[in-house]
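As a plain string of letters, each chain reads:
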Amino acid sequence: MESESQTQQDVEQQQPQQPQQPQQPQPQEVPINQIKVLDQNIALQLLVAFVQLGHRRGAYNIEETAKIHECIEMFKTQEPKQE
């Protein structure tokens, strides 16, 4: 057993050390049901978020998921074409 742990130590010593990157504070997430609906834009974003939540939980079949995706794409802003 001692030789096995010694071999593991040798491997660890041969691997290059990765520099530790400082961890950035993560923004605190607000539960979706606690967001205040102040305008139509927020309401639409919340509806999309709830639909995505339902999808992650397996609430929709593949055809329904495809139609939901199609509907969401209609609300995404289109970038003007560069000529």
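Cut-offs used in this document
- Residues numbered from 1 in each chain as written.
- Predicted model: local features only at pLDDT ≥ 70, side-chain atom pairs only at ≥ 80, totals over all residues.
- Heavy atoms only, no water.
- Helix = DSSP H or I, 4+ residues; strand = E, 2+ residues; numbered from the N terminus.
- Expected span 1.5 Å × (residues − 1).
- Polar contact = N/O pair within 3.5 Å; in protein donor to acceptor, adjacent residues only side chain to side chain.
- Buried < 20%, exposed > 50% of the residue type's maximum accessible area, 1.4 Å probe, protein only.
- Contact = heavy atoms within 4.5 Å.
- pLDDT = per-residue confidence, 0-100.

Caption draft 1: Main features of helix α3 (residues 62-75). Relative to the 20 Å expected for 14 residues at 1.5 Å per residue, α3 spans 21 Å between its end C-alpha atoms, a close match to the ideal helical length. Regarding α3, its N-cap is N61, as a side-chain oxygen of that residue lies 3.0 Å from the backbone nitrogen of E63 further along.

Caption draft 2: Focus on the environment of V37. Secondary-structure assignment places V37 in the loop between α1 (2-14) and α2 (40-56). Judged by its relative accessible area of 54%, V37 is exposed. Each residue touching V37, except ones within four places of it in the same chain, is listed here: I42, A43 and L46.

Caption draft 3: Focus on the confidence of the model for the chain. On average, residues of the chain carry a pLDDT of 79, and 66% of them reach 70 or more. Mean pLDDT across the secondary structure elements of the chain bottoms out at α1, with 55, and peaks at α2, with 91.

Caption draft 4: Highlighting α2. Across its 17 residues, α2 extends 24 Å between first and last C-alpha, which sits within 8% of the 24 Å expected from 1.5 Å per residue. Measuring from the side-chain oxygen of the N-cap residue of α2 to the backbone nitrogen of N41 gives 3.1 Å; that N-cap residue is D39. Remark: G58 follows α2 within two positions and exhibits a positive phi of approximately 80°.

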